[in-house]
Protein chains: 2
Amino acid sequence: MTTDFKRPLVTVDVLIFALLDEALKILLVRRPDEPGDPFPGRWALPGGFVDVAKDRSLQDCAVRKLREKTGVRTPYLEQLGSWGDAERDPRGWSATHAYFALIDAPQRAGADTGAADAQWIQVDEAARKRLAFDHSQILAAALERLRGKVEYTSLPAFLLSEPFTLPQLQHVYEVVLGRPLDKSAFRKRMLDAGFLQEAGMVDGPFGRTAMGYGVIDRQQFAVFPRTFKTKP
Amino acid sequence: MTTDFKRPLVTVDVLIFALLDEALKILLVRRPDEPGDPFPGRWALPGGFVDVAKDRSLQDCAVRKLREKTGVRTPYLEQLGSWGDAERDPRGWSATHAYFALIDAPQRAGADTGAADAQWIQVDEAARKRLAFDHSQILAAALERLRGKVEYTSLPAFLLSEPFTLPQLQHVYEVVLGRPLDKSAFRKRMLDAGFLQEAGMVDGPFGRTAMGYGVIDRQQFAVFPRTFKTKP
DNA sequence: TCAATAGTGTCTATTAGACAATATACT
DNA sequence: AGTATATTGTCTAATAGACACTATTGA
């Protein structure tokens, strides 16, 4: 019978990004500090084995893990890729399916996770850490994908709670890209892309009140016809 | 022990694309016609179980299957994504890792596969077939990714054997996109992108001889700053 | 010479970005 | 009024696409 092959371990890992304190952060967890477990005490991506009884699909599994860690039920969720080889897990040949999620900033950063073993960490700092398994490599891939897509898609909108204003959205772009953008060109681009719908005026602490917006489809991002121009 | 979970089946499937007879084709195989196997006699993507003894990694597994089917050893290979749920394989909870490969046209189409159970099929025709497992869904995703990327990357260059000329490359773009492109704009774009290197003059059957080119890095594609403009 | 294809030049419509000007909020 | 922010308008430089023109091959 063909299913008699020795089966690899199958896991799902989730890269959960949010904007906290003006910075892009990712939720990491500490590996349990027990001798039986691999990488004890090391920071890692939240994740774990697929439960063939509980999880109807890989995506379901990712959603479950996200909900367990953050309580968020309807994030923007995208598959990042899979990593599988004989070496990445000392317990044996294993394959992990990585998803990345963009959520709006949780009100109380640590409290949402319910546990002290989870923590929001700035992405650059996380990228410098030596994470468990091949998670550093996976994080690097996620950041590359995210920063790449921010250049030509509406992804950053998923990091804001609605309604948000265009200046707020621009600020998110600037934080993720690490460079300032022109106000006028930015507005034209966002409005022309047609993924926003007006949601009434909102007023901030100072100055003129601004139009609030929400995204029309929270599962789908808009694609711009060009990337943002790099200053000469 | 945490590894006592019931493990899903793990497979790898490969979407192998090539340009044959002026059309984009994909290599499909027939499922064995034995009663024990799922989807007997149905067309499917080439692939199979990960062999934890033979395969050092998922990518290795994909390369192995590609080589077994086509003899090609150095294709452009990119991970497409993974599909896993309780229903897709009647033998049990299974997860497949899909890779897509772009290869230059094999000299003798059928012969390379060595077997009559494999066949090059036009992508549109393949997309209309009811393939085994969820392979129709995977093929649809691959075509969407491929056609999407052709709009703003140098991917089609991997479908040609080197050296190739710019008119040949333009023709590949036109076949995959299904619409004509302007010669002058096309050349400017390709040459400015800087992924080509000159490789001596090549002469075709008629007309003026043309400059031959090769890609500088066969693992990496170039990204253009804009998509091709859609006619108004 | 012609036919066929490769490669270049010129023009124009479009538009992203720079930046100035105006509008609206709060104190 | 004055300050702070949002929004709109104008100008300009860059450039993709349209298309005509020139160049080079073989017959």
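Residues numbered from 1 in each chain as written. Chains lettered and ligands numbered in written order. Predicted model: local features only at pLDDT ≥ 70, side-chain atom pairs only at ≥ 80, totals over all residues. Heavy atoms only, no water.

Novice: How should the sheet that holds strand β9 (residues 196-202) of chain A be read in this particular structure?
Specialist: One key point about sheets: their strands pair by backbone hydrogen bonds, in either a parallel or an antiparallel sense. Residue and element names in this part refer to chain A. Taking strand neighbours across the sheet as the criterion, the three strands line up as β8-β10-β9 in an open arrangement whose pairing is antiparallel. The sheet terminates laterally at β8 (164-165) and β9, the two strands that pair on one side only. As paired strands, β8 and strand β10 (residues 210-215) are joined by two bridges and run antiparallel to one another. Residue pairing in the sheet places Thr165 in a bridge with Gly212 of β10. (Pairing = 2+ DSSP bridges. Helix = DSSP H or I, 4+ residues; strand = E, 2+ residues; numbered from the N terminus.)

Novice: Can you walk me through unusual backbone geometry in this structure?
Specialist: Peptide bonds are mostly trans, and most non-glycine residues show a negative phi. Residue and element names in this part refer to chain A. Each neighbour pair has its own omega, and for Glu162 with Pro163 the value is -5°, a cis peptide bond. Inspection of the secondary structure puts Pro163 in the loop between α3 (135-150) and β8. Positive phi is not limited to glycine here, since Phe133 has a value of about 50°. For Phe133, a relative accessible area of 16% gives the class buried. (Buried < 20%, exposed > 50% of the residue type's maximum accessible area, 1.4 Å probe, protein only.)

Novice: Would you take a moment to explain a positive patch on the surface for this structure?
Specialist: Together, Arg226 and Lys229 of chain A together with Arg226 and Lys229 of chain B make up a positively charged patch on the protein surface. You can see Lys229 of chain B is positioned in the segment after β10 (210-215). Accessibility expressed as a relative area gives 76% for Lys229 of chain B, which makes it exposed. (Patch = residues over 30% accessible without salt bridge, like charges linked within 9 Å, V, L, I, M, F, W, Y side chains within 5 Å. Areas by Shrake-Rupley, 256 points an atom, 1.4 Å probe, with all protein chains shown as cover. Salt bridge = Lys/Arg side-chain N within 4 Å of Asp/Glu carboxyl O. Lys, Arg positive; Asp, Glu negative; His and termini not counted. Charge placed at Lys NZ, Arg CZ, Asp CG, Glu CD.)

Novice: What am I meant to see in the pattern of salt bridges here?
Specialist: Side chains bearing opposite charge may pair, as long as their charged atoms lie close to each other. The final tally for this structure, using the stated rule, is 24 salt bridges over all chains. Glu78 of chain B serves as the salt-bridge partner of Lys149 of chain B, at 2.9 Å between the closest nitrogen and oxygen. Remark: Glu78 of chain B occurs in strand β5 (residues 76-85) and Lys149 of chain B occurs in helix α3 (residues 135-150); sequence separation between them is 71 residues. Residue Lys149 of chain B shares its accessibility class with Glu78 of chain B, and that shared class is buried. Because the salt bridges share partners, they merge into one network encompassing Asp55, Arg64 and Glu68 of chain A.

Novice: Honestly, the sheet that holds strand β8 (residues 164-165) of chain B in this entry has me stumped. Any pointers?
Specialist: Residue and element names in this part refer to chain B. Reading across the sheet, the three strands line up as β8-β10-β9 and stay open at both edges, with antiparallel pairing between neighbours. Looking at strand neighbours, the two that pair on one side only are β8 and β9 (196-202), the edges of this open sheet. As defined by bridge partners, β9 adjoins β10 across five bridges and the pair is classed as antiparallel. Directly across from Met201, in β10, lies its bridge partner Met211.

Novice: Sorry, what's going on with the interface of chain A and chain B here?
Specialist: Frequently, the measure chosen for interface size is the accessible area that the parts lose on association. Taken together, the contact pairs 34 residues of chain A with 34 residues of chain B. By the criterion of area lost to chain B, the three top residues of chain A are Arg7, Val52 and Trp93 of chain A, representing 20% of everything that side buries. In this structure, the salt-bridge partner of Arg56 of chain A is Glu87 of chain B, at a minimum N-O distance of 3.4 Å. Seen at the junction of chain A and chain B, the total is 15 residue pairs in polar contact (both at pLDDT 80 or more). The greatest single-element share of the side of chain A that touches chain B, amounting to six residues, is contributed by strand β5 (residues 76-85) of chain A. Residue composition of the side of chain A that touches chain B, grouped by class: 15 nonpolar, nine polar and 10 charged. (Contact = heavy atoms within 4.5 Å. Buried area = accessible area lost by both parts, 1.4 Å probe. Polar contact = N/O pair within 3.5 Å; in protein donor to acceptor, adjacent residues only side chain to side chain. Nonpolar A, V, L, I, M, F, W, Y, C, P; charged D, E, K, R; others polar.)

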